[in-house]
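Examination of the molecular architecture
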Number of protein chains: 2
Amino acid sequence: MQDSTTQTTKQAGRNKRSQAVSADLIAVVIAVTDGEPRVLTIEQAQALPSGPFELGHRSLQSGLRAWVERQTGHPLGYIEQLYTFADRDRTGDERVQISISYLGLTREEQAQGPSTQGWRGWYDYFPWEDHRAGVPLILPDILVPRLLAWAGDAEDPNMRRDRRQRVVYAFGLDDCDWNEELVLQRYELLYEAALVAEATRGRDKGSAPVVPGRTMIADHRRILATGIARLRTKIKYRPVVFELMPPAFTLLQLQRTVEALAGRLVHKQNFRRLIEQQNLVEETGETTSDTGGRPAKRFRFRQTVLAERTVAGTKLPLSRA
Amino acid sequence: MQDSTTQTTKQAGRNKRSQAVSADLIAVVIAVTDGEPRVLTIEQAQALPSGPFELGHRSLQSGLRAWVERQTGHPLGYIEQLYTFADRDRTGDERVQISISYLGLTREEQAQGPSTQGWRGWYDYFPWEDHRAGVPLILPDILVPRLLAWAGDAEDPNMRRDRRQRVVYAFGLDDCDWNEELVLQRYELLYEAALVAEATRGRDKGSAPVVPGRTMIADHRRILATGIARLRTKIKYRPVVFELMPPAFTLLQLQRTVEALAGRLVHKQNFRRLIEQQNLVEETGETTSDTGGRPAKRFRFRQTVLAERTVAGTKLPLSRA
DNA sequence: CTCTTTATGCTCTAAATGAGTATAATTAGG
DNA sequence: CCTAATTATACTCATTTAGAGCATAAAGAG
């Protein structure tokens with residue numbers, strides 16, 4: 001980077017070895033259908049949709065939005081940037097590859113075209129992340145033992161302790177509670193411990209310790225983990241779940257959506273209390289008896305909330321003890 | 001972007017009109033000295049340090065880190081990405097300019113070289129953001145009247161209402177409380193209302209409605225606002241203030257640092273309660289009587305916390321009623 | 001020795017949160 | 001028609017957390 005004596009930033013950007021660079025956009029597009037969180041994929045569900053940044057769009061975001069809307073036939077209600085990273089190894093040539101990843105929320109229903117088959121349940125990629133029906137057996141049976149073994153394998157005693165501590169915290173062992181937000185940390189630990197196929201890819205195939213969970217090309221599964229983590233964090237303080245819901249819905253449907261994203265169940269009555277308290281929704285006047293029991297009132301999100309969206313908050317009963 | 005039928009993402013990135021792009025890094029480097037938050041600047045305090053991304057670093061982050069450390073003579077304890085944006089208008093040619101902005105935390109003390117003069121109090125750029133001594137007079141006297149006038153100027157009644165609502169919320173009017181996190185929203189409103197010089201730059205100089213606050217080139221002040229907002233949010237749930245503190249400090253010093261960042265005062269006793277409760281610090285054993293009254297115990301951050309940093313949380317009494 | 005100043009310990013109240021009980025309004029099945 | 005099952009919805013209660021204030025301790029200034 002430049003010295004503080006250089007003339008202006010912009011000039012410095014052009015004069016000094018300005019690198020030839022190519023930019024890619026990568027999208028983590030999420031929908032929740034039938035209480036299952038899904039992600040839009042390509043390449044037999046092995047890759048996230050992505051492509052080169054095209055000149056001609058006003059901004060990165062607008063390019064992404066246009067493309068996703070063409071694919072899904074749905075407006076992308078919400079987009080946010082995830083992370084930008086640079087990679088030299090990816091392409092053989094001199095060029096630096098810059099990838100800008102985004103998180104987008106939409107609804108899967110009535111999506112047309114070939115992309116329909118592209119929706120995949122995100123727990124296919126992260127089976128250890130779904131705790132709605134209790135702790136998945138893969139955790140105590142396979143992952144935790146192997147992770148602890150990996151931790152114990154370190155030569156340096158400090159590293160042993162450090163690894164063990166990270167595993168304990170990330171996977172909620174001992175007296176730590178499971179924290180659903182640590183999706184990325186967990187994936188990275190599994191990667192470090194060479195327990196996901198991506199970690200050993202291209203190297204020794206022999207010791208490939210395959211554990212449950214669908215893989216993806218390059219670092220796409222890592223990006224997906226980033227997106228899930230971000231979304232799990234975000235739903236707690238910003239009303240983004242709305243983007244995943246149909247125009248009218250019952251409170252239980254809303255709750256199931258939140259639970260699908262968080263990968264854990266919430267207390268029904270408290271969930272209702274919080275949602276109603278915050279004035280995020282209003283009754284449509286109708287009721288449904290689709291659900292089996294007593295008919296439920298249908299709700300819609302309040303107009304005002306949508307207008308104030310950038311600043312409004314949401315709370316959900318997803319705290320950690 | 002590509003179709004879902006294209007072969008692989010990486011190939012698509014190279015085959016299809018892969019745009020010529022140049023990448024810039026922009027850094028918001030923050031320190032707190034004598035209870036004042038400062039930002040590292042260049043160009044007579046009119047620009048944030050930035051420069052082209054250089055091939056030869058492992059990652060974007062490492063390039064930034066090396067550069068800043070060379071400049072400040074201090075290790076950058078903490079770096080995080082802020083935002084990536086693309087601009088075509090900036091450079092006259094065909095190239096797309098991609099700027100990746102970062103937030104970095106360090107300590108100003110004993111920084112050597114010409115960059116020493118580059119530290120500037122961040123409230124020079126955002127005088128309306130410092131509420132430690134009460135509501136700054138610029139707000140009721142200048143900004144709020146002008147913002148409300150701007151809101152009323154809209155032709156469409158819906159837009160009038162919308163603008164007014166945004167001003168009310170962002171600036172804590174009516175029964176809304178001041179929310180120190182909304183730094184960016186406030187700057188954007190002022191920009192929209194053409195109350196900051198950046199908004200009218202290059203166009204009609206006549207009606208330039210100059211309000212207090214130092215300006216910067218291009219969109220650097222906007223990026224700084226993004227950094228401040230991020231930091232104000234972050235200190236509430238992650239122990240990043242530590243990076244801004246000397247090795248040993250009193251609880252009051254810590255409190256003053258938090259207050260400097262948040263731009264508002266906190267309840268002393270409750271602050272202490274929260275910090276001690278969370279086991280983030282430990283006593284060094286020494287005391288200082290530098291402060292005038294009863295000598296204060298000195299503290300340091302706990303080693304373990306630093307090790308667990310990626311996952312540990314912090315709470316601060318900065319909630320909004 | 002007293003006033004001022006900062007440090008530090010403790011109490012009190014209100015609000016938020018987690019968890020459970022009770023009742024209402026349906027449908028399914030006999 | 002009656003009963004069980006199922007979901008919706010209204011309340012209650014105990015615990016925690018957060019905001020605010022009071023009281024005491026330990027220094028320096030005059």
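Look up: the structure comes first, before these words.
For clarity, every value in this text was computed on a predicted model and none was experimentally measured. Counting starts from 1 at the beginning of each chain's written sequence and moves along it residue by residue. Written order decides the labels, with chains lettered from A and ligands numbered from 1. With the structure being a predicted model, the display of local features is reserved for residues of pLDDT at least 70 and the display and counting of side-chain atom pairs for 80 or more, all residues being used for whole-chain, interface and lining totals. Where side-chain values are given, they derive from all heavy atoms of the structure, hydrogens and water being excluded.

Here we take up the overall build of chain A. To qualify as a helix, a DSSP run of H or I must reach at least 4 residues; to qualify as a strand, a run of E must reach at least 2; elements of each kind are numbered from the N terminus. Helix and strand counts for chain A come out as 10 helices and 8 strands. Burial analysis of chain A (321 residues in total) assigns 51% to the buried set. When contacts within chain A are restricted to residue pairs at least 6 apart in sequence, those whose partners lie at least 24 apart make up 63%. Only the protein chains shown count as cover for residues, with accessible areas throughout obtained via the Shrake-Rupley method and a probe of 1.4 Å. Carbon and sulfur atoms provide 47% of the accessible area of chain A, an area that totals close to 14600 Å². Relative accessibility thresholds used throughout: buried, under 20% of the residue-type maximum; exposed, over 50%; partly exposed, between the two (1.4 Å probe, protein chains only). Contact between two residues is taken to exist if any of their heavy atoms lie within 4.5 Å; hydrogens are not considered.

Bringing the packing of aromatic side chains into the picture now. Between the rings of Phe, Tyr and Trp (Trp by its six-membered ring), a pair exists once the centres lie within 6.5 Å; its type follows the angle of the planes, with under 30 degrees stacked, over 60 edge-to-face, and the other angles tilted. Enumeration over the complete set of coordinates arrives at 12 aromatic pairs over all chains. By the ring-pair criterion, three or more aromatic residues cluster together here, those being A:Phe126, A:Trp128, A:Tyr187 and A:Tyr191. Looking at B:Arg186, its charged tip hangs above the ring of B:Trp178, at a distance of 3.7 Å from the centre. Here, over-ring charges are defined by two tests on the NZ atom of lysine or the CZ atom of arginine: distance to the ring centre within 6 Å, and angle to the ring normal within 35 degrees. Lying over the aromatic face of B:Phe126, B:Arg221 brings its terminal NZ or CZ to 6.0 Å of the ring centre.

Residue and element names in this part refer to chain A. Along its 15 residues, helix 7 (residues 220-234) runs 21 Å from first to last C-alpha, staying within 8% of the 21 Å computed at 1.5 Å per residue. Within helix 7, 12 of the 15 residues are buried, leaving the element largely enclosed by the surrounding structure. Regarding helix 7, the residues found buried are His220, Arg221, Ile223, Leu224, Ala225, Thr226, Gly227, Ile228, Ala229, Leu231, Arg232 and Lys234. Helix span, as expected, comes to 1.5 Å for every residue beyond the first.

What follows covers the pairing of strand 4 (residues 78-87) of chain A. All names here are of chain A. Burial within strand 4 is extensive, with 8 of its 10 residues counted as buried. Here a strand pair is declared whenever DSSP counts at least two bridges between the two strands. Sheet topology note: the strand 4/strand 5 (residues 96-105) ladder contains 9 bridges and is antiparallel. In the sheet register, Gln81 faces strand 5, and the bridge partner there is Tyr102.

Three- or four-residue spacings in an α-helix give side chains the same orientation, since the helix completes a turn every 3.6 residues. All names here are of chain A. Within helix 9 (residues 268-277), the full set of buried residues consists of Phe271, Leu274 and Ile275. All buried residues of helix 9 lie within an arc of 95° about the axis, which places them on one face of the element. Helix 9 presents Gln269 and Gln277 as exposed residues on the side facing more than 90 degrees away from its buried surface. In this structure, the buried side of helix 9 is in contact with helix 8 (251-262) and strand 7 (281-288). Downstream of helix 9 by one or two residues, Asn279 has phi in the positive range, about 60°. Throughout, the arc means that of the directions going from the helix axis to the C-beta atoms.

On to the side chain of B:Thr84. By the secondary structure assignment, B:Thr84 is in strand 4 (residues 78-87). Residue classification places B:Thr84 among the buried residues on the basis of a relative accessible area of 1%. Within the structure, B:Thr84 has its side chain in polar contact with the side chain of A:Thr84 (distance 2.5 Å). Contacts of B:Thr84, omitting those with residues within four sequence positions, involve A:Leu60, A:Gln81, A:Thr84, A:Ile100, B:Ile98, B:Ser99 and B:Ile100. Between N or O atoms, a polar contact is any pair within 3.5 Å; within protein, one atom must be a potential hydrogen donor and the other a potential acceptor, and residues adjacent in sequence are included only when both atoms are from side chains.

The next point concerns the pattern of salt bridges. For this analysis, a salt bridge means a side-chain nitrogen from Lys or Arg found within 4 Å of a carboxyl oxygen belonging to Asp or Glu. Applying the stated criterion across every chain yields a total of 38 salt bridges over all chains. Of the charged contacts, one joins A:Glu282 and A:Arg300 as a salt bridge, the two residues approaching to 3.1 Å between their closest N and O atoms. Of the two residues, A:Glu282 sits in strand 7 while A:Arg300 sits in strand 8 (residues 296-301), which places them 18 residues apart along the sequence. Judged by relative accessible area, which is 31%, A:Arg300 ranks as partly exposed. Residue B:Arg186 pairs with B:Glu129 through a salt bridge whose shortest N-O separation is 2.8 Å. Of this pair, B:Arg186 sits in helix 5 (residues 183-192) while B:Glu129 is found in the loop between strand 6 (119-121) and helix 3 (138-153), placing the two residues 57 residues apart along the sequence. The exposure class assigned to B:Arg186 is buried, which follows from its relative accessible area of 0%.

Glancing now at unusual backbone geometry. Phi at A:Ala218 is positive, roughly 40°, even though this residue is not glycine. The topology assignment puts A:Ala218 in the loop between helix 6 (197-200) and helix 7. One non-glycine residue, B:Asp34, lies in positive phi territory at about 50°. Here B:Asp34 lies in the loop between strand 1 (21-33) and strand 2 (36-40). The exposed category is assigned to B:Asp34, whose relative accessible area is 71%.

With that settled, the discussion passes to the environment of B:Leu60. Note that B:Leu60 resides in helix 2 (residues 60-72). With 36 residues separating them along the chain, B:Leu60 and B:Asp24 place their C-alpha atoms 9.8 Å apart. In this structure, B:Leu60 is in contact with A:Thr84, A:Phe85, A:Ala86, B:Leu25, B:Phe53, B:Gln81, B:Ile100 and B:Tyr102, ignoring residues within four places of it in sequence.

By secondary structure assignment, the location of B:Pro239 is in the loop between helix 7 (220-234) and helix 8 (251-262). Separated by 41 residues in sequence, B:Pro239 and B:Leu280 have C-alpha atoms that sit 8.1 Å apart.

Here we come to the environment of A:Glu108. All names here are of chain A. Examined against the element boundaries, Glu108 turns out to sit in the loop between strand 5 and strand 6 (119-121). Separated by 34 residues in the primary sequence, Glu108 and His74 have C-alpha atoms spaced 8.0 Å apart. Setting aside chain neighbours within four positions, we find Glu108 in contact with Ala31, Thr33, Arg38, His74 and Trp119.

Residue and element names in this part refer to chain B. Geometry is summarised by axes, namely lines fitted to C-alpha atoms with helices restricted to the contacting stretch, and by angles between N-to-C directions that run from 0 to 180 degrees. For the pair helix 5 and helix 7, interaxial distance at closest approach is 7 Å and the crossing angle is 155°. One way to sum up the angle between helix 5 and helix 7 is to call them roughly antiparallel. Packed against helix 5, whose contacting residues are Val183, Leu184, Arg186, Tyr187 and Glu188, the element helix 7 presents Arg221, Arg222, Ala225, Thr226, Ile228, Ala229 and Arg232 at the interface. Taken together, the residues of the contact of helix 5 with helix 7 break down into 6 nonpolar, 1 polar and 5 charged. What sets the label is the angle itself: under 35 degrees gives roughly parallel, over 145 gives roughly antiparallel, 65 to 115 gives roughly perpendicular, and the rest give oblique. All amino acids are sorted into three groups, where Ala, Val, Leu, Ile, Met, Phe, Trp, Tyr, Cys and Pro are nonpolar, Asp, Glu, Lys and Arg are charged, and the leftover types, Gly among them, are polar.

Moving on to the packing of helix 4 (residues 157-171) of chain A against helix 5 (residues 183-192) of chain A. All names here are of chain A. Contact pair helix 4 / helix 5: the axes reach a minimum separation of 9 Å and the direction vectors enclose 140°. If you check the angle between helix 4 and helix 5, you find them oblique. Two packed elements cross with a definite hand, and for helix 4 against helix 5 that hand is left-handed. In this structure, helix 4 contributes Arg166, Val167, Ala170 and Phe171 to the contact, and helix 5 contributes Arg186, Leu189, Leu190 and Glu192. When its residues are assigned to classes, the contact of helix 4 with helix 5 shows 5 nonpolar, no polar and 3 charged. Should the near helix be turned anticlockwise from the far one by less than a right angle, the crossing is termed left-handed; should it be turned clockwise, right-handed.

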